[in-house]
Amino acid sequence: MFRVHAGVVDYAILAVYFVVVLGIGFAARRQVHSGLDFFLSGRSLPAWITGLAFIAANLGALEILGLAANGAKYGVATVHFYWIGAVPAMVFLGIVMMPFYYNAKVRSVPEYLRLRYNDPTHVLNSLSFAVATVLIAGVNLFAMALVIRLLLGWPIPISIVLAAAIVLVYITLGGLSSAIYNEVLQFFVILAGLVPLTIVGLKAVGGWSGLQDKVTAAKALGPLALQPWEGTAPGNVTNPIGADWVAIVFGLGFVLSFGYWTTNFAEVQRALAAKNLSAARRTPLIAAFPKLLIPFLVVVPGLIAAVTVKGLGAKTGDLQYNNSVPILISTYLPNGMLGIAITGLLAAFMAGVAANVTAFNTVVSYDLWQAYVRKDEPDEYYVRFGRIATVLGIVVAIGTAFIAAGFNSIMDYIQALFSFFNAPLFATFLLAMFWRRATPWGGFWGLASGTFAAVAVHFLHSRGPLDLGSPLAADFWGAGAAFVVDVVVTVAVSLATQPKPDHELRGLVWGLTETEDTTAEQDPAERVWWRRPGVLGGLALGLTALLYLIFVF
């Protein structure tokens, strides 16, 4: 079995990190006096804190192991998950959608659907989100278990339980504040681990030009692996990712991306914890800038692993694509630096688990338990129940971690989940916010039909009758099908049913919602030009286009 040979210094660094993480949990507990404190940090945090937490919450197994695995498997085309599959949607969330969420004073994303549509739509979204959340938390637990097994040689089941216990303690203690402050710490720890790995790895293969030569000569990749858009013409797909530009732009860049970043409560919850609307809108915009550069710390190591690790890409065992980063860490980093890198990996996975578990306990406590089971209990009751829901979420996530263990590339698994849950939800939200005529039952049947369409496409492809290329390409097409079916069904049902009157839609629909923050206007510091959402969003999109041009030309 492959093992990471860590020394005393490496274990000491890891131990110090765990002590600090748990210490933050105990400190945050003192700030929890109400349900708003536990579930939304009292809506009191500055934009730079929530912005870093926003990006750190995404730096879990999906980002580190999953996209590094994709870098090794598909090449530079993996940058699509960042530059077209993340940044535009983050800008849209900050500029367009946050006013709806923040001004409606919702405590969760599903709660918006209850106000805009009806209880059945709310219950459907709450249940589907809860399921998706524990499945994704399970992916991060599995990733943590992989690293613990490589470090200590412990079996995967024991490693999963240990990883879950650590996260459980600090989330149960301090709620969302504990998660957010730890995520800020974890962001810098992650960078401290990935930056040296990328630099040392590039030096070992002769720099960027040496890596290009080796990728071009590699049988499994070849020259197309260095071109994100080459070979994506419809009907003549030769790009390693196996999808044409229509699937990439519409399926990934629009449906999957916007569905994830604008409706995934695990991310939006961080922005809702901001102190005012101005800070909430800036949260995803601040996060967009590090998101632009993370491919160089994730995709590049994946490429390095592809050309240096013999036998990488096995369907089982230690040479699966998922292990690309841990193998590189063991190969290239000396003791001390090895401990920082391992700590960075565990920090990333803990951030991913914490993000999903805090979102899970909020939705289960407010959107399901309080809304439909125990409506009129005192605030302290829901804080206690939230802690119980945290334990429940962790226990269920332990079980779902074993589902993730069955995939040799967890990115394929994650994208399938997103096509099931996020893609149709985005269509439902888009119509909810921008079409007053969308009715309560239109929203419900559209969401249900879109989810069914994505699941149907996935199984038709995986079982053989429908060939859509690679598993990722199938997920892109499944997301597109979910979106289209959702829109068609919502429109059809809405035209046949009665819409809500305008006075019930105030603050929930475009044209009936204030987009300016009057509390921020009282603070001159909030009005400086470089804090304006339009300026930050435009700069992020401009840098995205520039980075694409560098690779194309």
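Residues numbered from 1 in each chain as written. Predicted model: local features only at pLDDT ≥ 70, side-chain atom pairs only at ≥ 80, totals over all residues. Heavy atoms only, no water.

Participant: Just to check I follow, could you spell out the overall build of the protein for this structure?
Facilitator: Scanning the protein for helices and strands turns up 23 helices and 2 strands. In summary, the protein has a C-alpha radius of gyration of 22 Å against a globular reference of 24 Å for 553 residues, a match within 12%. Taking the principal axes of its C-alpha atoms as reference, the protein extends roughly 65 × 55 × 50 Å. A total of 553 residues make up the protein; the buried ones form 61% of that total. Pairs at least 24 residues apart make up 83% of the contacts formed inside the protein by residues separated by at least 6 positions. About 19800 Å² of surface is accessible on the protein, with carbon and sulfur atoms providing 68% of the total. Each charge class in the protein was averaged separately, 32 positive and 28 negative side chains, and the resulting centres sit 4 Å apart. (Helix = DSSP H or I, 4+ residues; strand = E, 2+ residues; numbered from the N terminus. Rg over C-alpha atoms; globule rule 2.2 N^0.38 Å. Buried < 20%, exposed > 50% of the residue type's maximum accessible area, 1.4 Å probe, protein only. Contact = heavy atoms within 4.5 Å. Areas by Shrake-Rupley, 256 points an atom, 1.4 Å probe, with all protein chains shown as cover. Lys, Arg positive; Asp, Glu negative; His and termini not counted. Charge placed at Lys NZ, Arg CZ, Asp CG, Glu CD.)

Participant: Explain the pattern of salt bridges to me, please; I cannot follow it from the model alone.
Facilitator: Oppositely charged side chains can form a pair if their charged atoms are brought close together. Going through the model one piece at a time under the given rule, you end up with 3 salt bridges. Between Arg 114 and Asp 119 there is a salt bridge, with the nearest N and O atoms lying 3.1 Å from each other. The salt bridge involving Arg 436 is made with Asp 502; its shortest N-O contact spans 3.3 Å. Of the two residues, Arg 436 sits in the loop between α18 (410-434) and α19 (440-462) while Asp 502 sits in helix α21 (residues 502-505), which places them 66 residues apart along the sequence. Accessibility expressed as a relative area gives 37% for Asp 502, which makes it partly exposed. (Salt bridge = Lys/Arg side-chain N within 4 Å of Asp/Glu carboxyl O.)

Participant: Honestly, the side chain of Asn 361 in this entry has me stumped. Any pointers?
Facilitator: Relative to the helices and strands, Asn 361 resides in helix α16 (residues 337-372). One polar contact links Asn 361 to Thr 390, side chain to side chain, over a distance of 2.9 Å. Dropping the residues within four chain positions of it, Asn 361 is found in contact with Phe 38, Phe 39, Ile 171, Gly 386, Ala 389 and Thr 390. (Polar contact = N/O pair within 3.5 Å; in protein donor to acceptor, adjacent residues only side chain to side chain.)

Participant: For this particular structure, what's the right way to read the nonpolar core?
Facilitator: The nonpolar side chains of a soluble globular protein tend to be buried with one another. Membership of the largest hydrophobic core comes to 172 residues, with the highest contact counts inside it found for Ile 64, Tyr 101 and Tyr 112. Apart from the residues within four sequence positions on either side, Tyr 101 is in contact with Leu 93, Val 106, Val 109, Tyr 112, Thr 262, Thr 263, Val 268, Leu 272, Phe 429 and Met 433. Among the nonpolar cores identified, the runner-up in size contains 7 residues, and Phe 39, Tyr 366, Tyr 381 and Val 383 belong to it. (Core = buried A, V, L, I, M, F, W, Y, C linked by side-chain atoms within 4.5 Å.)

Participant: How should the packing of helix α13 (residues 277-293) against helix α14 (residues 295-308) be read in this particular structure?
Facilitator: The relative placement of two packed helices is expressed as an angle between their axes plus a distance between the axes. It is at 5 Å that the axes of α13 and α14 come closest, and there the two elements cross at 25 degrees. With respect to their mutual orientation, α13 and α14 come out roughly parallel. Contacts from Lys 291, Leu 292 and Leu 293 in α13 reach Pro 295, Phe 296 and Leu 297 in α14. Here the contact of α13 with α14 is built from residues that sort into 5 nonpolar, no polar and 1 charged. (Axes fitted to C-alpha atoms, helices over the stretch in contact; angles between N-to-C directions. Parallel < 35°, antiparallel > 145°, perpendicular 65-115°, else oblique. Nonpolar A, V, L, I, M, F, W, Y, C, P; charged D, E, K, R; others polar.)

Structural measurements only, silent on function.
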